[in-house]
Amino acid sequence: MENIEIIDQKDTRSGFGAGLAELGDTNPNVVGLCADLIGSLKMDAFKAAHPKRFFQTGIAEANMIGMAAGLTIGGKIPFTGTFANFSTGRVYDQIRQSVAYSNKNVKICASHAGLTLGEDGATHQILEDIGLMKMLPNMVVISPCDYNQTKAATIAIADYVGPVYLRFGRPKVPNFTAPDQKFVIGKADMLSEGTDVSIFATGHLVWKAIEAGRALVEKGISAEIINVHTIKPLDEKAVLDSVRKTKCVVTAEEHMMNGGLGDSIAQLLARKLPTPLEMVAVNDTFGQSGKGEELLTKYNINTPNIIAAAEKVIARK
Amino acid sequence: MEIEALKSISSQVRRDIIRMVTAVQSGHPGGSLGCADFLTCLFFDVMKLDPNDFKMDGVGEDLFFLSNGHISPVLYSVLAHRGYFDKSELATFRKLGSRLQGHPSTDKGLPGIRMASGSLGQGLSVGLGAAQAKKLNGDDRIIYTLHGDGELQEGQIWEAAMYAAGNKVDNIISTIDYNHKQIDGDIDDVLPLGDLRLKWQAFGWDVLEMDGHNHAEILSTLAKAKEMTGNGKPIMIIMTTAMGKGVDFMEGTHKWHGSPPSLEQEQIALGQLKETLGDY
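Residues numbered from 1 in each chain as written. Chains lettered and ligands numbered in written order. Predicted model: local features only at pLDDT ≥ 70, side-chain atom pairs only at ≥ 80, totals over all residues. Heavy atoms only, no water.

Chemist: Could you give an account of the overall build of chain A, with specific residues and numbers?
Modeler: Each helix and strand counted, chain A has 13 helices and 14 strands in total. Taken over C-alpha atoms, the radius of gyration comes to 19 Å for chain A, in line with the 20 Å a tight globule of 317 residues would show. Oriented by its inertia axes, the alpha-carbon framework of chain A measures out at about 60 × 35 × 35 Å. Among the 317 residues that make up chain A, the fraction classed as buried is 64%. Of all intrachain contacts in chain A linking residues separated by at least 6 positions in sequence, the fraction that spans at least 24 positions is 80%. When the accessible surface of chain A is split by element, carbon and sulfur atoms take 51% of a total near 11,500 Å². (Helix = DSSP H or I, 4+ residues; strand = E, 2+ residues; numbered from the N terminus. Rg over C-alpha atoms; globule rule 2.2 N^0.38 Å. Buried < 20%, exposed > 50% of the residue type's maximum accessible area, 1.4 Å probe, protein only. Contact = heavy atoms within 4.5 Å. Areas by Shrake-Rupley, 256 points an atom, 1.4 Å probe, with all protein chains shown as cover.)

Next comes the structure, spelled out in structure tokens:
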């Protein structure tokens, strides 16, 4: 944990844009679709370099998803881009029938997920998207933690055949994973080994978990920090191996408690290794306008909440 | 193909539809009967297909997407007689483990099906994506889609309509099964569609009309539509049909949209439909 350093501050959506641009040059089958949010999704570079392989659908997300499914017939690998809310809830049935059930090779790439898009408020702050997507058979759900990992994940999912939901966000956040990393779908990243508590985090909350882990060291607590960038398929072995050692668990995510990472880990542990568990997640409420950091604090999913959850769950052992 | 030969196939397809839905007491005979002539013409005369070597990507072939998936019986029968799979498999329709799901699906690998459908309004978007893939691949074959008229009440259809014209997707020929009926009754009583020709023209499509039970007219209209492809506009054919066509007591009413005949009614219906290719 002490050797994890911030390289710079970058938004994860720019990692997606960079990954897509690279794919544009390396994989001729990759095509892009966007529903009037090219700038927000950072798809400009791909579009500029490959205008014929880019489809601006206008503010018509249902048509975008259907077209993406159709483009796979003929061997294309479509990457759709819009906000997470419009990538999932708005088009759930289109994804369910034309992508997941039909098992089409569509990559649904979703920015502005969670609370940290900030001032736009609850209409745009989807906190249910991981749950919606992980419930669909055939769907892989990925939630990378920083710019470098989002870029690596974007490139990696082009080589995976099947539907993928890739979740990322708007704000600039610490970029701390390796720029040359190889992203392996379904393989959790051990960030720091520990013995007293396992902290499983995803997305923006991974950095918060590292901050919490450092604070816990000061309190004499050894936390194991694991970045679960793939919610589905869950790296069950990584979870069970860690929990057998620490015997208590904290999960942390910028998502609703229902349906998120914590929910997946709780299900696994209930079946295979019942263990005290605390979830740092939004508890059955909508968000509101505000700054990202303010919102993480308001909804009890910031660094101090992870620290408190760790102390609480250790006491439950 | 000769018109009489096409009519003969359509008759057998209608027999199959009646027998399939009666056998499981489930399914949608009305719209299936209404589209038997159209799908026969499309699959046996118009489209370039490779039924003996089905490939999902369909490169070099014309592709068909059934957007109103509930009329799966007519598609399954046509696919079987065209050689995609043995007609004996029609006996498994809607039964546990069958590749012939209630609504078409890809997950059990039935040759001829490239996309699940059933939840309405999605097939035009899928067709547009496939059409754009053909253009990217330099593949000059055509995408065909079929839609129910009630299905046009779905908003996604109009998203796709706008996209197709705005982006000059001119390698797609779509058809509306205009029987003026939907499950709850006459379309005008449920939610009127207004002037369909004017609506599609206003959205930037070239529009043709045809009698969906006149094989010669279907062939000539589809030939005309094909000539119109490549001219910068998508093509819509408004096809007038009668729900339940071919069986007197089922014709022209919405009551058989999603209801199967009884065994007794089945015999009456089959008495009106000549067995031409051998029942499955």
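There's more to say after this.
Chemist: Provide a residue-level description of the interface of chain A and chain B, including the pertinent values.
Modeler: Contact residues are listed per partner, giving 26 residues for chain A and 29 residues for chain B. In total, about 2,100 Å² of surface goes out of reach between chain A and chain B, with carbon and sulfur atoms giving 56% of it. Together, I73, Q97 and Y101 of chain A form the three largest contributors to the area buried by chain A at its contact with chain B, with a combined 29%. At the junction of chain A with chain B, the criterion picks out zero salt bridges. For the pair chain A and chain B, the number of links is 17 residue pairs in polar contact (both at pLDDT 80 or more). Every element with two or more residues in the side of chain A that touches chain B is listed here: β3 (54-56), α4 (61-72) and α6 (92-101) of chain A. Classifying every residue of the side of chain A that touches chain B by side-chain character gives nine nonpolar, 11 polar and six charged. (Buried area = accessible area lost by both parts, 1.4 Å probe. Salt bridge = Lys/Arg side-chain N within 4 Å of Asp/Glu carboxyl O. Polar contact = N/O pair within 3.5 Å; in protein donor to acceptor, adjacent residues only side chain to side chain. Nonpolar A, V, L, I, M, F, W, Y, C, P; charged D, E, K, R; others polar.)

Chemist: Can you explain the sheet that holds strand β13 (residues 249-256) of chain A? Please cite residues and give values.
Modeler: Strands pair in a sheet through their backbones, by hydrogen bonds, and they do so in one of two ways: parallel or antiparallel. Residues and elements named next belong to chain A. On the basis of which strands lie adjacent, the open sheet formed by five strands has the order β9-β11-β10-β13-β14 and mixed pairing. Strand pairing shows two members of the sheet lacking a second neighbour, β9 (189-192) and β14 (277-282), which therefore form its edges. Sheet twist, expressed as the mean angle between neighbouring strand axes with direction ignored, is 25°. Taken together, the three bridges between β9 and strand β11 (residues 223-227) define a ladder with antiparallel strand orientation. What sits directly across from D189, in β11, is N227. Lying over the sheet, helix α11 (residues 261-272) contacts β10 (197-201), β13 and β14, oriented at roughly 140° with respect to β13. Against the sheet, helix α13 (residues 303-315) touches β10, β13 and β14, its axis set at about 160° to β14. (Pairing = 2+ DSSP bridges. Axes fitted to C-alpha atoms, helices over the stretch in contact; angles between N-to-C directions.)

Chemist: An account of the UniProt feature "domain: Transketolase N-terminal" (unreviewed entry) in chain B is requested, with residue identities and associated values reported.
Modeler: The feature "domain: Transketolase N-terminal" (unreviewed entry), as given by UniProt, occupies residues 11-276 of chain B in the numbering adopted here. In this annotation, residues 11-276 of chain B is assigned 38% helix and 12% strand; the end-to-end C-alpha distance for the span is 7 Å. (UniProt positions renumbered as here; feature names shortened; annotations may be inferred.)

Chemist: Tell me about the domain arrangement of chain A, residues and numbers included.
Modeler: Residues and elements named next belong to chain A. Looking at chain A, the domain boundaries give domain 1 (10-175) and domain 2 (189-315). Just the C-alpha atoms count here: the centres of domain 1 and domain 2 sit 25 Å apart. Buried surface at the junction of domain 1 and domain 2, both sides included, amounts to about 2,400 Å², of which 58% is carbon and sulfur. By the criterion of area lost to domain 2, the three top residues of domain 1 are L115, L127 and K134, representing 28% of everything that side buries. The interface formed by domain 1 and domain 2 holds two salt bridges in total. The shortest N-O distance in the salt bridge between D263 and K134 comes to 2.9 Å. Connecting domain 1 to domain 2 are 27 residue pairs in polar contact (both at pLDDT 80 or more). For the side of domain 1 that touches domain 2, the elements supplying multiple residues, two or more each, are α7 (129-134), β6 (140-142) and β8 (172-175). If you tally residues by element for the side of domain 1 that touches domain 2, the top one is α7, at four residues. (Domains from an automatic or database assignment.)

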